[in-house]
Amino acid sequence: MSHLDQVGYVLIGIVAIIYSSAGFGGGSSYLAIMALMNLPFETYPTLALICNLIVVFSSTLLFIKNKLINWKKVIPWILFSIPSAFLGGLIHLPEKVFLVLLSALLFWAGIKIVFKKIERSEHTPNKLQQALIGVILGLVSGLVGIGGGIFLSPVMTYWKMEKAKNIAIITTLFIFFNSLAGLVGKLSVTKNLNDILKYWPILLIVFIGGQIGNRWCVYKATDKQLTTLAGVLSIIASCSLMYKYLSF
């Protein structure tokens, strides 16, 4: 194992802890770390989606156990994002310009959340608007190989739709279902699951990190902590995407 690989494993563990603390899977940052570790490019989306599922599946079980999920608030976001994420998973399209622009918008959203220099909208989107946003974010999620929660969180925060902990719960479920749909789409095209399982140490590290972060989110975190963390992670994710897609 090279020194670069060792550093990569440590970074992946840290990402899993931090992202799961805010209800995210960490897919965007896993992609950047995989690039640093020089893993085969064709494994990136599939491996990142599996890492997402490992993290958010555990947190989903914790949310169910503690009866924290309000399905009436979750369903409008995921109902149409799931087939959209599956469709995105079928597409192999290196849209660098689009993703760089998307990362810039994500960076802007993170800055506004962290420094609270934006007047949040008084308008709450209706169910149709939520479904439309879900479709767009689901498509992006499946295409890139992330769960989409890192995009949904700033949207919900801007519209003051929920408290930070409820946003973390909704984004967790959004990530879970979109990652699952995107993974099915990717595997139906690439059929590279056996190649992915060769990287089981990454999956194990993500599992351990996710367990730590999930429990902090459920039992210890405050709304203020989660709001700030969500903004910081939006900035980190945008920089990670920018780095990855400008590097290839």
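This is a predicted model, so every value here is computed, not measured.

Visitor: How should I be thinking about empty space enclosed by the protein in this particular structure?
Guide: Rolled over the atoms, a probe sized like a water molecule indicates the empty space that remains. Across all of its chains, the model carries 1 cavity of 30 Å³ or more by this definition. Looking at the largest cavity, it is lined by 13 residues, and the ones nearest its centre are Gly25, Gly26, Gly27, Gly147 and Ile150. Residue assignment for the lining of the largest cavity shows that the elements contributing at least two residues are helix 2 (27-36) and helix 8 (149-158). In terms of residue class, the lining of the largest cavity is made up of 5 nonpolar, 8 polar and no charged.

Visitor: Whenever I open this one, the pattern of salt bridges confuses me. Can you help?
Guide: Side chains that carry opposite charge are capable of pairing whenever their charged atoms lie near each other. In total, this model carries 1 salt bridge according to the counting rule given. A salt bridge links Asp195 to Lys198, with the shortest nitrogen-to-oxygen separation between them at 3.6 Å. Residue Asp195 is classed as partly exposed on the basis of its relative accessible area, which comes to 36%.

Visitor: Help me out: how do you make sense of helix 4 (residues 71-78) in this one?
Guide: Taken together, the buried positions of helix 4 are Val74, Pro76, Trp77 and Ile78. Among the structural elements, helix 5 (81-90), helix 7 (127-144), helix 8 and helix 9 (164-190) are those in contact with the buried residues of helix 4.

Visitor: How should I be thinking about the packing of helix 5 against helix 9 in this particular structure?
Guide: Each pair of packed helices can be summarised by the angle the axes make with each other and by the distance between the axes. At a minimum axis distance of 7 Å, the contact between helix 5 and helix 9 shows a crossing angle of 35 degrees. Pair helix 5 / helix 9 crosses with right-handed handedness. Along its contact with helix 5, which presents Ser81, Ile82, Ala85, Phe86, Gly88, Gly89 and Leu90, the element helix 9 presents Phe174, Phe177, Asn178, Ala181, Gly182, Val184, Gly185, Lys186, Ser188 and Val189.

Visitor: Help me out: how do you make sense of the packing of aromatic side chains in this one?
Guide: How two aromatic rings sit relative to each other is given by the distance of their centres and the angle of their planes. All chains considered together, the criterion is met by 2 aromatic pairs. Relative to Phe177, the ring of Phe176 lies with its centre 5.2 Å away and its plane at 80 degrees, an arrangement referred to as edge-to-face. Looking at Phe176, the relative accessible area reads 16%, which means it is buried. Residue Phe177 is classed as partly exposed on the basis of its relative accessible area of 23%. Members of the aromatic cluster, each reached through a chain of ring pairs, are Phe57, Phe176 and Phe177.

Visitor: How do you make sense of a nonpolar patch on the surface when you look at a structure like this?
Guide: Among the surface-exposed residues, Phe86, Leu87, Leu90, Ile91, Leu139, Leu180, Val184 and Val189 lie close enough to one another that they form a single nonpolar patch of about 600 Å² accessible area. Of note, Val184 is situated in helix 9.

About the criteria used
Residues numbered from 1 in each chain as written. Predicted model: local features only at pLDDT ≥ 70, side-chain atom pairs only at ≥ 80, totals over all residues. Heavy atoms only, no water. 1 Å grid on protein atoms, 1.4 Å probe; cavity = no way out; pocket = protein on both sides within 12 Å on 5 of 7 lines; lining within 4 Å. Points joined across faces, edges and corners; volume = space filled by probe spheres on them. Helix = DSSP H or I, 4+ residues; strand = E, 2+ residues; numbered from the N terminus. Nonpolar A, V, L, I, M, F, W, Y, C, P; charged D, E, K, R; others polar. Salt bridge = Lys/Arg side-chain N within 4 Å of Asp/Glu carboxyl O. Buried < 20%, exposed > 50% of the residue type's maximum accessible area, 1.4 Å probe, protein only. Contact = heavy atoms within 4.5 Å. Axes fitted to C-alpha atoms, helices over the stretch in contact; angles between N-to-C directions. Left-handed = near helix turned anticlockwise from the far one by under 90°. Phe/Tyr/Trp six-rings, centres within 6.5 Å; stacked < 30°, edge-to-face > 60°. Patch = residues over 30% accessible without salt bridge, like charges linked within 9 Å, V, L, I, M, F, W, Y side chains within 5 Å. Areas by Shrake-Rupley, 256 points an atom, 1.4 Å probe, with all protein chains shown as cover.

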